[in-house]
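Tertiary structure, described
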Amino acid sequence: MDYQIITDSGSDLPLELVNRYDIDIVNFTIRIGEEELIDDMGEKFDKNAFFQRLKNGETASTSQINVHSYLEKFKYYIEKGMPVIYLAFSSGMSGTFNSAVQAKKMLEEEYEEVDIDIIDTKAASLGQGLLVYEACQKKQEGYTREEFIDWVEDNKLNYHSWVTVDDIKHLQRGGRISAAAATVGSLLNVKPIIVVNTEGELVPAAKIRGRKKALNHLIDQTIKRLTETDQHSIFIGHVGVVEEAEFIKARLLERVKPKEIIVLSYGPTIAAHTGYGSLSVFSYGEKRTV
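Okay, so let's go over this structure. (Residues numbered from 1 in each chain as written. Predicted model: local features only at pLDDT ≥ 70, side-chain atom pairs only at ≥ 80, totals over all residues. Heavy atoms only, no water.)

1. Looking at the overall build of the chain
A count of helices and strands for the chain gives 11 helices and 13 strands. A compact globule built from 290 residues would reach a C-alpha radius of gyration of about 19 Å, and the chain, at 19 Å, matches this within 12%. Its C-alpha atoms give the chain principal-axis dimensions of about 60 × 45 × 30 Å. Out of the 290 residues belonging to the chain, those deemed buried represent 55%. Here the contacts in the chain between residues at least 6 apart in sequence split such that 75% fall between residues at least 24 apart. (Helix = DSSP H or I, 4+ residues; strand = E, 2+ residues; numbered from the N terminus. Rg over C-alpha atoms; globule rule 2.2 N^0.38 Å. Buried < 20%, exposed > 50% of the residue type's maximum accessible area, 1.4 Å probe, protein only. Contact = heavy atoms within 4.5 Å.)

2. Remarks on the sheet that holds strand β9 (residues 190-196)
Spatially, β10-β9-β8-β13-β11-β12 is the arrangement adopted by the six strands of the open sheet, whose pairing is mixed. A single partner strand is all that each edge strand has here, and the edge strands are β10 (202-209) and β12 (260-265). In this sheet, neighbouring strand axes are inclined to one another by 20 degrees on average, regardless of whether the strands run parallel or antiparallel. The pairing of strand β11 (residues 233-238) with strand β13 (residues 279-284) spans four bridges and is classified as antiparallel. Following the sheet pairing, F235 is matched in β13 by F282. (Pairing = 2+ DSSP bridges. Axes fitted to C-alpha atoms, helices over the stretch in contact; angles between N-to-C directions.)

3. Observations regarding unusual backbone geometry
Here M41, not a glycine, exhibits a phi torsion of approximately 65 degrees, which is positive. Positionally, M41 belongs in the loop between β4 (35-38) and α2 (47-55). Here K122, not a glycine, exhibits a phi torsion of approximately 55 degrees, which is positive. Tracing the chain through its elements places K122 in the loop between β7 (116-120) and α5 (125-140). Owing to a relative accessible area of 17%, K122 belongs among the buried residues under this scheme.

4. A short note on the packing of aromatic side chains
Here the structure, examined in full by the defined rule, presents 10 aromatic pairs. Pairing Y70 with Y86 gives two aromatic rings, centres 5.3 Å apart and planes at 55 degrees, and the pair type is tilted. Residue Y70 is located in helix α3 (residues 67-80), and its partner Y86 is located in strand β6 (residues 84-88); the two are separated by 16 residues in the primary sequence. In this structure, Y70 and Y86 share a single accessibility class: buried. Following the ring pairs from residue to residue traces out a cluster consisting of Y21, Y133 and F235. Against the face of Y3 rests K139, its NZ or CZ located 4.9 Å from the ring centre. Here the guanidinium or amino end of K212 rests over the ring plane of F247, the centre of that ring lying 5.1 Å away. (Phe/Tyr/Trp six-rings, centres within 6.5 Å; stacked < 30°, edge-to-face > 60°. Lys NZ or Arg CZ within 6 Å of the ring centre and 35° of its normal.)

5. A few points about the environment of S283
Within the secondary structure, S283 is located in strand β13. Distance in space between the C-alpha atoms of S283 and T229 is 9.0 Å, their sequence separation being 54 residues. Sequence-distant contacts of S283, defined by excluding residues within four places in its chain, comprise L130, N158, Y159, H160, T222, L226, S233 and I234.

6. Topic: the pairing of strand β1 (residues 4-8)
β1 sits mainly inside the fold: five of its five residues count as buried. The alternating pattern of β1 places Q4, I6 and D8 on one face and I5 and T7 on the opposite face, and all of these are buried. In the sheet, β1 pairs with β6 via three bridges, with the strands oriented parallel. Bridge pairing in β6 places I5 opposite I85. As paired elements, β1 and strand β2 (residues 24-26) share three bridges and run parallel to each other. Bridge pairing in β2 places D8 opposite V26. In the classification by handedness, the crossover that spans β1, the intervening helix α1 (residues 15-20) and the parallel β2 is right-handed. (Right-handed = clockwise from strand over helix to strand, strands pointing away.)

As structure tokens, then:
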């Protein structure tokens, strides 16, 4: 029997891939200034204008997806009799996963049959997006629902996220580091390197002096962990700095031959937290141990 893949806009997938694989989306909302905006994966949202506002010093915040949004989304498929697999934004970074679980429990009290599987991807941004992208290829290859779920659970911790931000003070505003550490870091031109751990939480991995060295560190650490390279894609994510993303792509291609490397911009939900100038490399490799 066919089944529907759902993810959320925290996955940062481009609309072209969302449409190609018929992925349904649950949307985060973003606040910037007095505006509340829907992260619609670029359908109407002007990402470049949003990035420019971040570059100009505006700050944005996000709200987790509420239970009501999941009730509406899941009900649609229950009433169609279509099984659902929801690949959720990491529970280590947002209460969104718990909202989805709560919605499912409420629906189980209302409907006789609720055919919904909710998977915590332990990933975010294009790390989540890369997992969803490659999982959807398995569905196209003919994986049954059970095979699909098993594959995601077996492989999700093989997906790595190496992230740097340009403005360390943005991490301080988001509560990731202390004000004192941010001030010292700015004075020393320190660029923090952040990874997603086995619990799906953002954790510091290194502090690198200088932007170019930080980018090379992302490249080196990605290559160090790669496995089954020719069978998997690499995503490079950025906020408004496509030239540096292309630099990373060129350096990677000098040293490894993956299935493909795709350069993509973050969506506004993630960019709100990382700030302008963030860069990340997302890849498949040996299992996360941290």
